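Overview (structure and organization)
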Amino acid sequence: MKNYKVKTFPDSRIASIDIGEIGKQKHHVSALLEFDVTNARKKIKERNRENEQKISFTAWLISTIAQTIKKHETVGAFRLGKSKLMIFDDVNISLAVEKTVGKEKVPIPLVIEKAQEVSIVSITSQINDAKNKGITEKDMVLQKKAGKAERIYRFLPGFIRRWFWKYLLKHPKLAYKKMGNVAFTSLGMVGKINAWFLPISVHPVCFGASSIVKKPRVLDDEILIREILNMSVLIDHDVIDGAPMARFVNELSISIEKAINI
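So, a few notes on the structure that sits alongside this text. (Residues numbered from 1 in each chain as written. Predicted model: local features only at pLDDT ≥ 70, side-chain atom pairs only at ≥ 80, totals over all residues. Heavy atoms only, no water.)

Among the secondary structure elements, Val 213 is positioned in strand S7 (residues 205-219). Judged by its relative accessible area of 12%, Val 213 falls in the buried class. Each C-alpha atom of the pair Val 213 and Arg 226 lies 8.2 Å from the other, and the pair is 13 residues apart in sequence. Apart from residues lying up to four places away in sequence, Val 213 is in contact with Ile 193, Asn 194, Arg 226, Glu 227, Ile 228 and Asn 230. (Helix = DSSP H or I, 4+ residues; strand = E, 2+ residues; numbered from the N terminus. Buried < 20%, exposed > 50% of the residue type's maximum accessible area, 1.4 Å probe, protein only. Contact = heavy atoms within 4.5 Å.)

Next up, the structure:
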């Protein structure tokens, strides 16, 4: 019987499976959002025509998210024990950069530190550098280059690996150091898909950017064709209530649609 094949997936996938298992236990509230990014994309194109240092739409979006979270800092807080929160001064955003390792494409995490204050040019550069940086099959998708602990991770039993993530989340300083306090993932580069996807995350807040598609929108009582970004947001209900969540999402929407920081 030869009508099948067995394929070995990368070691990095083990960590993704464990994160998914632990992430399902988080009390995230999910929101499916539509943002009109017509103005933002137009401004970025005009700016890039006039400047030698280019910026990407993704970098601008990350910067806008970070600046908005800084104003609503509880959104990025970790739960500390039963009744306390740990709120960090800086917004460190973790995103996945897809790279080819061996014969497989795997997501390699990159953490943009102090994303609320670094320039969009710098964020663009960090993402491009991560994409171009060489990596080998010995690198693990836990954080940056694999140390001794990361190298043995894939050999551990599942319950020990998941204990590691539970321990990490109970120690916010360590979790923040390893993975930041915000997750951002984007599938928009795969194709034009008029849909949302809901990621699973262990972060206090996670953003899933989908495709930018053209849709009719009412603008000044006129129906116009606009460029709309589909994006999901997961926010930890253990650390923030519904009303502050809504205020955060509302300000984020205004910041994105008015493209205030380009």
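A few words on the pairing of S7. Relative to S7, strand S6 (residues 182-186) is paired through 5 bridges, and the arrangement is parallel. Of the residues in S7, the one forming a bridge with Ala 183 is Cys 206. Two elements, S7 and strand S8 (residues 222-236), share 13 bridges in a ladder whose sense is antiparallel. Within S8, the residue paired with Val 213 across the bridge is Ile 228. Counted between consecutive antiparallel strands, the loop separating S7 from S8 contains 2 residues, among which Asp 220 sits at a positive phi close to 55°. (Pairing = 2+ DSSP bridges.)

Counting residues in hydrophobic clusters, the biggest one holds 44 residues, and the most contacted among them are Leu 61 and Phe 207. Broken down by element, this core gets its largest block of residues, 8 residues, from helix H3 (residues 57-71). Sequence-distant contacts of Phe 207, that is, excluding residues within four places in its chain, are made with Ile 65, Ile 69, Val 182, Ala 183, Phe 184, Thr 185, Met 231, Ser 232, Val 233, Phe 248 and Leu 252. Among the nonpolar cores identified, the runner-up in size contains 14 residues, and Phe 78, Phe 88, Leu 168 and Met 179 belong to it. (Core = buried A, V, L, I, M, F, W, Y, C linked by side-chain atoms within 4.5 Å.)

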